[in-house]
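# Structural description and commentary
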Protein chains: 2
Amino acid sequence: MSLPRVAAVNEVRDSCRNCRLRELCLPDSLSLAEVSKLEEIVQRRKPIARGDYLFQSGHPFNAIYAVRTGSIKTSSLLANGDEHITGFHFPGEVIGLEAITSDRHACAAIAMETSSVCEIPFHALEVLGEKAPKLQQQLVRIMSRELVTEQGTAQLLTRRSAEQRLAAILLNFSERFVRRGLSGNRFRLPMSRLDLGNYLGLVPETMSRTFRRLEEQGLLDIAGKEINIADKSALTELAYGTAPEATPNACRRSG
Amino acid sequence: MSLPRVAAVNEVRDSCRNCRLRELCLPDSLSLAEVSKLEEIVQRRKPIARGDYLFQSGHPFNAIYAVRTGSIKTSSLLANGDEHITGFHFPGEVIGLEAITSDRHACAAIAMETSSVCEIPFHALEVLGEKAPKLQQQLVRIMSRELVTEQGTAQLLTRRSAEQRLAAILLNFSERFVRRGLSGNRFRLPMSRLDLGNYLGLVPETMSRTFRRLEEQGLLDIAGKEINIADKSALTELAYGTAPEATPNACRRSG
DNA sequence: GTAGGATGTTGACTTAAGTCACGTCTGCTC
DNA sequence: GAGCAGACGTGACTTAAGTCAACATCCTAC
């Protein structure tokens, strides 16, 4: 099933210090010394093929992961057997933090395309944190950011129409692509409509119709998974009500 | 507007060391020395009257809070002017963590009844954490727990009927009351139906009808805000599908 | 103890999204 | 490059929850 490709040599050699994603997963400036201590424990794993698990729900928790390339979805199994996708994760984002509290992964992480990650063994990180408190503090900040993201997700799902949910998630992806220096207007969705619908609480038929309606309104151009945001301010207006340039996510920035 | 009552003397004298809630906000066993260091920075605030703000959205972030008595709701203002309630918080639970990342509160915290909190100045906590890494590690664990809770909330709101949402939140409250040593079957909801509906993404009319339907089905007895869970296993079955004693929240415990 | 607002309830009607059924497209595998 | 499975799209119909409007009840302040 898995057919890991060989990573480009320079990709493997990349260190945290000169990682292009550094400002995403380590936004505050740690000292060089602190970053290189972190580097010593970080492991670069072989790329994961599309559909493969990075970890599974219920498995023991050993490490957190920073996405380097590709994209990862996390999903959890509901008691009735349904799967629920809890998030999509792009380069520079950290996954596995929800497992710290119980020592077991609460969700499964699955690659949506060939992806690579940095593995950060958690025990080693804690030991390191005892000597380098800034590192531990940085972890707390990253977790706080995740908390804000999750609250944003909950809001996305509360009393919003299908059009609003889709508009909001596309703008959210757009923002995250911009943060990585990519185009915020033209991008490729790495997930199926089924997965996106699952995340948004919408059935695939509704997803299809909603995409079409947004296209008919001239807000998007759609060609399969390629999305072009044709009218960003109208899309924002649709997603968040009355305030086009107000906070894209009421809980995401407020100051 | 606010009319703070004088706290009972022994309530004020309570320290973290012998706090009845200790195992809730500090579940791992820190050493006595560590707990007493924490005690030195914790401040006990005057009780907050019903409807008063503990902090407001957009205000500078200075401290996190542990609820001691009463109950607190957190809410954020959406761009379109609507208010969205992001959570309900009971004694032993910690609030304000989402503000660490941005140095501003992303939500407002409002007392639902006369409540008291421990205020933990965050800067002092970080400084202390540099000397007592266990404390910092405990904070990370608490935040991880919050992350799991938030993911549970998102699941609650995704593709579940009004009956399932209400059943699930009542069971969730029940669990949290049990953790505090209270009855899990008979309790008083501190929030209005309007607030509960806001949190669940349901309109007050639907809340009212849904409560009635659950009562008609013999799952609950309702007298205003007093709730009696009459048939817990049927309620669980309703909330989570097929598995009465399986995981009450797919993402909350999985091992 | 009463007035008045907030909170909660009920019924009739509307509507957005789900369901079912079917057809088409796309991208793998052999 | 044929064949197949999964993903995607469309239409007809159903239904759960929202909306609107009216009324009841509970608090709180005076």
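Please refer to the structure higher up on the page.
The text that follows walks through the structure, step by step, so that each part is easy to find. The numbers attached to residues start from 1 for each chain and follow its sequence in the written order. Lettering of chains starts at A and numbering of ligands starts at 1, both following the order in which they are written. Per-residue local features of the predicted model are confined to residues with pLDDT of at least 70, and side-chain atom pairs are confined, for both listing and counting, to 80 or more; whole-chain, interface and lining totals are unaffected and use all residues. No hydrogens and no water enter the side-chain calculation; it runs on all heavy atoms of the structure.

### Overview of unusual backbone geometry
All names here are of chain A. Convention followed: Secondary structure elements are taken from DSSP: a helix is a run of H or I of four residues or more, a strand is a run of E of two residues or more, and numbering for both begins at the N terminus. Remark: exposure states derive from per-residue accessible area (1.4 Å probe, protein chains only) relative to the maximum for the residue type, with buried under 20%, exposed over 50%, and partly exposed in between.
A positive phi angle, close to 65 degrees, is found at Asp 103, a residue other than glycine. If you trace the backbone, Asp 103 turns up in the loop between strand E6 (94–95) and strand E7 (108–111). Residue classification places Asp 103 among the partly exposed positions, given a relative accessible area of 48%.

### Considerations on the sheet that holds E6 of chain A
Sheets are built from strands that pair by backbone hydrogen bonding, the pairs being arranged parallel or antiparallel. Residue and element names in this part refer to chain A. Worth spelling out the cut-off: Here, a strand pair is defined by DSSP locating no fewer than two bridges between the strands. Pairs of residues are marked as contacts when any of their non-hydrogen atoms sit within 4.5 Å. Only the stretch in contact is used when fitting a helix axis, every axis being a line fitted to C-alpha atoms; angles between N-to-C directions are given from 0 to 180 degrees.
If you walk across this open sheet you meet the 4 strands as E1-E8-E3-E6, and the pairing is antiparallel. Every interior strand has two partners, whereas the edge strands, strand E1 (43–44) and E6, have only one. Here E1 runs beside strand E8 (residues 116–121); their pairing, made up of 2 bridges, is antiparallel. Opposite Gln 43, over in E8, you have Glu 119 as the bridge partner. Each of strand E3 (63–69) and E8 is contacted by helix H4 (residues 122–131), which is oriented at about 55 degrees to E8, the strand it contacts most.

### Focus on the pairing of strand E5 (residues 83–89) of chain A
All names here are of chain A. The buried count for E5 comes to 6 of 7 residues, which makes it a mostly enclosed element. Sheet topology note: the strand E4 (residues 72–77)/E5 ladder contains 6 bridges and is antiparallel. Pairing of Ser 76 across the sheet is with His 84, part of E5. Counted between consecutive antiparallel strands, the loop separating E4 from E5 contains 5 residues, among which Gly 81 sits at a positive phi close to 95 degrees.

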